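Fold and geometry: a report
The residues making up each chain are set out below.
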Amino acid sequence: MKIRRYLASIFSIFTIAALNAQNTVSDELLNTTDSSVQIELTEQEKAAVEKHKTLRVVIDPAWPPLEFNGSTNPDSFNAKGINIEILKELAAIYDIKLNFIPTGSYAESIQYILNGKADIISGYVRLLDQYPQIKQSSKTYRSQLLLISTTGHYPEEGDTIGITEFPQALLERLHNEIGIKDLKFDTNQKPEITLERFRNGKYKYIIIGQAELSYADDLPKHTAYNLSLSYSQQFAFSQNIEDSFISAFNKAINTFSYSNLNLIFYKVQSQHQNEKQEQLKKREQRHNMSITFLSNSIIIALVIIMCMMTVLRHKLHEITYDDVTGLHTYSRFRRDVLKILKKHKGENYLFLSLNIDNFGFINDSYGFNYGNKILALIAKHFIEECSKGEKYCRYYADTFIFFMKDPLSMPLIEDRVFRLTDVSDHIAQLLPKKYIMTFSSGVYYVTDNNDRDITGMVTKANIARKMNKKNFITHRTAEYTLEMKKENDWNREITLSMNKALENREFVVYYQPKFSLQTKKIIGAEALIRWNKPETGLLGPDRFVPLFEHNGFIEKIDIYVFNDVCRFMNEWNKCMDGKCPYPITISFNLSRYHLYDSDLIEKLTGISREYNIDPSYIEVELTESIMFDNMKRLVRVMNDIKKAGFKISVDDFGSGYSSLNILKNMPADVIKLDKEFLPNAQLDAKDSIIIESVITMAKKLNMQTVAEGIETEQQSKLLAGIGCDIAQGFFFARPMPGEAFMELLKKYI
């Protein structure tokens, strides 16, 4: 008995040590809550939030990674998943308690809401459109739909595609996109069923969300094809929840940035992987115990000790080593670096950040398991290239951090980066020969060896790397500077204030008039965005639009501008005793993000109908650079825009390298000649010939031509003489607020 008690105490110590070690890592890496969020609520919204301090949430736990049971005990329930974590973050903002209720199916969840037994349904709510009494929140994020194939090619006539339940309208759009008439969809209630049937060979093709696919294990070898469609995630509310509460809830959603969502996705992925490993270990433990109990008590105790020692070694390995690459984890890397800096205070050191460019393309094309194999090969190359005293780790995803002595020479640093990034021989066995893997890199020099903020120094190396992304020389390294810090701080300020600015209508739409070169009268305008920021004054688009295009906020700005355009045109149409003096056409810019928005046409037509605007008087501008993203998808979206009645113009024509192909392939109505087409000095014979040729070709293709950036009378006369239709620029009028443009228009009546 004494031996048993002694062995039991050792068993307990090993268990607690292992759990404490893992909890240290989890708390360190997975905390995403931002307690600094401040949201302004109306009195009605505040009252509604106070009324609902506890909410009942129904979820379908068989929908990983969006929703699943995170408990390893089948008899208990612990709600986990991307949607659950988002909901917890939102609830924490208003100090709301959530009670999660698992259901057996989505239909059962709906009954809970209809019968008043629950307040919220988590997840995909488009299937609820048939229940008008159920209310819906704003969208939280979108999940790209993928076509997965084991045949290496698209489906053919007569094939069947496995798919999770979606609305009929979305199924019809999927059918149209794939473009095969005799195609069958086999619908399943849950993605797990679809994936299981794909594993056992019942399906050769499935359509699945990118999030669900990233958590799927043991899938057969397959090819993934990106579809233009996606589905959105949001939350649905019982009719007992007031609209003012949902309004407050939506304001909380609007505080979420792309970085918030990325952290949540990473957090759920880490939790999901840890839980799966725990389940496997527990199965092994139960199996081992069932065998060892056949022996005497001493042998049982010894086997238990051996098993727990193995578990402890595994736990320590997880804490120390990355499970994909075998490199040290960031936690171990940070401890090692601290020791070195403490011991060698007189040495010069640096942090180097390396990131694989466009690695998401590999994951999308070949699958995450295949991508992990490539990461492992690259990590092996790093190990071979680094010396014994240097430290390195996989920071996250496809980013690696190195800590090494500073050679005090940038050429030597770049030579080192060149050798680290020369991985072609290592990945040749897995990727096509024509694929060239490139890296971006940034370096931060340690200025104080007493500095214990390792994460802060790594962040500075990462900032330098991100600023260096546009450099096409893979071994060219950027050094962290104070200017980078200022730019990063500015980007951070813009990111934190952009949602509030939109809510406060700090963004102002300016209109630059367009003139007919034949009649010299105003025939329309281009809508341009400005930011009247209280702290800095009026900002031009170059100060914030590039960042918005990077973080996706440009989608909201484009719709904001379009809404103002329709409002302005509605006022103009009624300004003369309820009648329109004469019709004008106003153009606005549409970013590349909208190409992937399946609801784009519905949004545009809905807003134009609200203001009773004929779409034919609205011109959608697409920049020439957008033409290189996905030509087939672009043409499809442009045709949809034209079918809805809008006009399309190609902006900045002549700034790219495939302008003639654009004229041939794009269903555009107008081309806007880039201002670089027109030099400020006097145009020579070659300039005139080139411009006249473009205008002539456009006319033969039934396209109008607009010249922008006109600054001199000589440019205006030349363009009019060679047949250009419309002009805009400082020579005619500068961009102006809507009120000023309205007054200018009235002068031409």
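Quick caveat, the model's predicted, so the values are computed rather than measured. (Residues numbered from 1 in each chain as written. Predicted model: local features only at pLDDT ≥ 70, side-chain atom pairs only at ≥ 80, totals over all residues. Heavy atoms only, no water.)

**Section: the overall build of the protein**
The helix and strand inventory of the protein stands at 25 helices and 27 strands. Put simply, the protein has 749 residues, and 49% of those count as buried. Restricting the contact set of the protein to residue pairs at least 6 apart, pairs at least 24 apart contribute 73%. When the accessible surface of the protein is summed, it comes to about 37,200 Å², and 52% of that surface belongs to carbon and sulfur atoms. (Helix = DSSP H or I, 4+ residues; strand = E, 2+ residues; numbered from the N terminus. Buried < 20%, exposed > 50% of the residue type's maximum accessible area, 1.4 Å probe, protein only. Contact = heavy atoms within 4.5 Å. Areas by Shrake-Rupley, 256 points an atom, 1.4 Å probe, with all protein chains shown as cover.)

**Looking at the packing of aromatic side chains**
Per the counting criterion, the structure on display carries 33 aromatic pairs. Centroid distance Phe507 to Trp531: 4.7 Å. Interplanar angle 40°. Geometry classified as tilted. Of this pair, Phe507 sits in strand β18 (residues 507–516) while Trp531 sits in strand β19 (residues 522–533), and the two are 24 residues apart along the sequence. You'll find Phe507 and Trp531 in the same group, each marked buried. Here Phe731 and Phe732 contribute two aromatic rings whose centre-to-centre distance is 5.1 Å and whose plane-to-plane angle is 80°, an arrangement assigned as edge-to-face. Taken together, the ring pairs connect Tyr330, Phe333, Tyr349, Phe351, Tyr395, Tyr396 and Phe403 into an aromatic cluster. (Phe/Tyr/Trp six-rings, centres within 6.5 Å; stacked < 30°, edge-to-face > 60°.)

**Here we look at the packing of helix α13 (residues 368–385) against helix α14 (residues 410–421)**
Across the interface, α13 lies against α14 with an axial gap of 9 Å and an inter-helix angle of 140°. Regarding the angle of α13 to α14, the classification is oblique. Of α14, the residues touching α13 (which contributes His381, Phe382 and Glu385) are Arg416, Arg419 and Leu420. Residues belonging to the contact of α13 with α14 are distributed by class as follows: two nonpolar, one polar and three charged. (Axes fitted to C-alpha atoms, helices over the stretch in contact; angles between N-to-C directions. Parallel < 35°, antiparallel > 145°, perpendicular 65-115°, else oblique. Nonpolar A, V, L, I, M, F, W, Y, C, P; charged D, E, K, R; others polar.)

**Notes on the packing of helix α12 (residues 359–366) against α13**
Where α12 meets α13, the closest approach of the two axes is 7 Å, and the angle between their N-to-C directions is 135°. By the angle class used here, α12 and α13 are oblique. On the side of α12, the interface is formed by Phe359, Ile362, Asn363 and Tyr366, while α13 contributes Phe368, Tyr370, Gly371, Ile374 and Leu375. Residue composition of the contact of α12 with α13, by class: seven nonpolar, two polar and no charged.

**Points about the sheet that holds strand β4 (residues 79–80)**
Strand order in the open sheet formed by three strands is β2-β3-β4, and the pairing between neighbours is antiparallel. Sheet topology places β2 (62–63) and β4 at the edges, where each strand pairs with a single neighbour. Of the pairings in the sheet, the one linking strand β3 (residues 67–69) to β4 comprises two bridges and is antiparallel in character. Residue pairing for β4: Asn69 is matched across the bridge by Ala79. (Pairing = 2+ DSSP bridges.)

**A short note on the nonpolar core**
If you look at the biggest cluster of nonpolar residues, it comprises 78 residues, and the most contacted ones within it are Phe507, Phe548 and Phe588. Per-element accounting of this core gives the leading share, eleven residues, to helix α19 (residues 554–573). Non-local contacts of Phe588, meaning those with residues more than four positions away in its chain, are made with Ala527, Asp558, Val561, Phe562, Val565, Leu604, Ile618, Glu619, Val620 and Glu621. Core analysis: the second largest hydrophobic core is formed by 53 residues, Leu98, Ile207, Ile241 and Val268 among them. (Core = buried A, V, L, I, M, F, W, Y, C linked by side-chain atoms within 4.5 Å.)

**Concerning the confidence of the model for the protein**
In the predicted model, the protein carries a mean pLDDT of 82, and the fraction of residues at 70 or more is 82%. Counting contacts from residues 1–36, a segment whose pLDDT is below 50, to residues more than four positions away or on other chains yields 31 contacts. (pLDDT = per-residue confidence, 0-100.)

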